[in-house]
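# Residue-level structural notes
One letter stands for each residue in the lines below.
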Amino acid sequence: MAAPKNHLKAALAAGKMQRGLWMNMCSEVTAEIAGNAGFDWCLLDHEHGPYDPQLMRRQLIALEGTPAHAVARVPSNEAWILKQVLDLGVQSVLVPMVDTAEEAEAVVRACLYPPAGIRGMGVTSTRAADFGGYSDYPATANAQICVMVQAESARALENLEAICATDGVDCVFIGPADLAADMGYTHDLGNKVVMDAIDDAITRIVASGKAAGIITLDPERQSHYAKLGVTFLGMNVETSVYADGVRAIAKRSL
C-alpha cells in the first residue's frame, strides 16, 4: 500500500486557494473543533507552542476524522525534528527562518528518503507508515511530502528567487511579524514599507511558480493577498479567537 495522497499539496500545485487556522494551544479538542469548522487546513504550531511529539500525535489523530489537512510548524530547521514530525504522520511541514537557498535545500533533504534526501528509515516503527501497514511507503512517501519554508527576514527577501528555485520546495510563506521586526518596525508592523515589501515578495513567489503563503487576521488584507495570488492563507489564530471570545463574554453587563 502506498503513502496517503497529500490533498493539500495537490491543491497548492493546482493553484487552488487553501484557507486555514493557526493553532497554538496544542489541544486535540480544539484541533477537532477547528478541523470540522470548514477550514482546508489546520496548522499545529510547535514553534511558538511547545514542541511535544506526544501532543502533536494526539492532535493528528483528532484531525484525521475531519476534512482539514494537518500542517505542522516545527521549532527550527533541524533534520532530527523534521524526521520525528514526519514519522508521526505529518505530510506537510512549515519551517521557520529560512534565509537562503542552502537552508531551503537542507529542509527538503531532511524531509525526503534517500537518494533524494537524508530522512532516516524507520518504516515498521512509524505511525506515518501505519507501522509497516503501508508496504510501499518508502517508495511513495517523497511524492506526498509538502515542504513549506518561511521567508521572514530582509536577508530572505534578498535571496527569495533562489529560495523559490530550490527543488522540492512547494510553498514559500511570508512571516509578516518577524519580517517587520527584522526590518526595524517591531512596533509598527503595518508600516507601508513593510506592506510594500510583502506585496513585492508575494508577487515574486507567484511569478516563480511556487505557492505563496501568509497569515493575516484582517479581512481586507486577506482579500488583497488572495488577489495577489496567495493560495496558502492563514485566516486567524486559535488563541486570538479564544481570547477575543472570552473577553467579550466577561465584559457583558447584566
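## Side note on the overall build of the protein chain
Check the secondary structure of the protein chain and you find twelve helices and eight strands. Taken along the three principal axes of its C-alpha coordinates, the protein chain extends 55 × 50 × 30 Å. Taking all 254 residues of the protein chain together, the buried fraction comes to 49%. Once local pairs closer than 6 in sequence are excluded, the contacts in the protein chain between residues at least 24 apart make up 62%. Of the roughly 11600 Å² of accessible surface on the protein chain, a fraction of 54% belongs to carbon and sulfur atoms. Side chains of the protein chain give 20 positive and 30 negative charges; the mean places of these two sets differ by 5 Å.

## Considerations on the sheet that holds strand E1 (residues 18–23)
Sheet architecture is closed into a barrel: eight strands sit in the order E1-E2-E3-E4-E5-E6-E7-E8, paired in parallel fashion. Going across the sheet, the axis of each strand differs from the next one's by a mean of 25°, ignoring polarity. Packing of helix H5 (residues 101–111) onto the sheet brings it into contact with strand E4 (92–95) and strand E5 (146–151), and relative to E5 it is tilted by some 155°.

## Topic: unusual backbone geometry
Pro114 connects to Pro115 through a cis peptide bond whose omega is 5°. Tracing the sequence through the fold places Pro115 in the loop between H5 and helix H6 (137–140). A positive phi is found at Cys26, a non-glycine position, where the angle reads about 55°. Structurally, Cys26 is set in the loop between E1 and helix H2 (28–35). For Cys26, a relative accessible area of 7% puts it in the buried group.

## A short note on the nonpolar core
Counting 56 residues, the largest nonpolar core has Val172, Ile174 and Ile198 as its most contacted members. With seven residues, the single largest contributor to this core is helix H10 (residues 192–208). When near neighbours in sequence (up to four residues on either side) are disregarded, Ile174 contacts Ala151, Leu157, Leu179, Ile198, Ala201, Ile202, Ile205, Gly213 and Ile214. By size, the runner-up hydrophobic cluster in this structure holds 15 residues, among which are Leu43, Cys171, Phe173 and Phe232.

## Re the environment of Lys210
With respect to the helices, strands and loops of the structure, Lys210 is situated in the loop between H10 and strand E7 (211–215). Measuring from C-alpha to C-alpha, the distance between Lys210 and Leu12 comes to 8.6 Å, with 198 residues separating the pair along the chain. If near-sequence neighbours (up to four positions away) are discounted, Lys210 is found in contact with Cys164, Ala165, Thr166, Val169, Asp170 and Ile205. Among the polar contacts listed, one links the side chain of Lys210 to the backbone oxygen of Cys164, at a separation of 2.5 Å. A polar contact of 3.0 Å, which involves the side chain of Lys210, links it to the backbone oxygen of Val169.

## With respect to the packing of H10 against helix H11 (residues 219–228)
Across the interface, H10 lies against H11 with an axial gap of 9 Å and an inter-helix angle of 35°. Note on element contacts: H11 touches H10 through Arg221, His224, Tyr225 and Leu228, opposite Met195, Ile198, Asp199, Ile202, Thr203 and Val206.

## Some remarks on the packing of aromatic side chains
Remark: the centre distance and the inter-plane angle together describe each pair of aromatic rings, the angle taken between the planes. Scanning the model with the defined rule gives five aromatic pairs in all. An angle of 10° between the planes, with centres 4.1 Å apart, marks the rings of Trp41 and Phe232 as stacked. Highlighted residues: Trp41 in strand E2 (residues 41–45) and Phe232 in strand E8 (residues 232–237), separated in sequence by 191 residues. Owing to a relative accessible area of 0%, Trp41 belongs among the buried residues under this scheme. Three or more aromatic residues link up through ring pairs in this structure, and these residues are Trp22, Trp41, Phe173 and Phe232.

Cut-offs used in this document
- Numbers given to residues run from 1 along each chain, matching the order in which its sequence is written.
- It should be noted that, the model being predicted, local features are given only for residues of pLDDT at least 70 and side-chain atom pairs only at 80 or more, the latter also being counted only at that level, while totals for whole chains, interfaces and linings use all residues.
- Based on all heavy atoms of the structure, the side-chain values leave hydrogens and waters out of the count.
- Helix and strand definitions here come from DSSP, where helices need a minimum of 4 consecutive H or I residues and strands a minimum of 2 consecutive E residues; each element is numbered from the N-terminal end.
- Only protein chains enter the area calculation, which uses a 1.4 Å probe; residues under 20% of their type maximum are buried, those over 50% are exposed, and those in between are partly exposed.
- Two residues form a contact once any of their heavy atoms are found within 4.5 Å.
- Computed with a 1.4 Å probe, the accessible areas rest on the Shrake-Rupley method; for each residue, only the protein chains presented here act as cover.
- When charges are counted, Lys and Arg are positive and Asp and Glu negative, with His and the chain ends excluded.
- By convention, the point assigned to a charge is CZ for Arg, NZ for Lys, CD for Glu and CG for Asp.
- Each pair of strands is called paired provided DSSP finds at least two bridges between the two strands.
- Note on geometry: axes are lines fitted to C-alpha atoms, helical ones only across the stretch in contact, with angles between N-to-C directions running from 0 to 180 degrees.
- By nonpolar core we mean a set of buried residues, namely Ala, Val, Leu, Ile, Met, Phe, Trp, Tyr and Cys, connected to one another through side-chain atoms within 4.5 Å.
- Identification of polar contacts relies on pairs of N or O atoms within 3.5 Å, with a donor-acceptor requirement for protein atoms, meaning one able to donate a hydrogen and the other able to accept it, and with residues adjacent in sequence counted only if both atoms are side-chain atoms.
- A pair of Phe, Tyr and Trp rings is counted when the ring centres sit within 6.5 Å of each other, with Trp represented by its six-membered ring. The angle between the planes then sorts it: under 30 degrees is stacked, over 60 is edge-to-face, the rest tilted.

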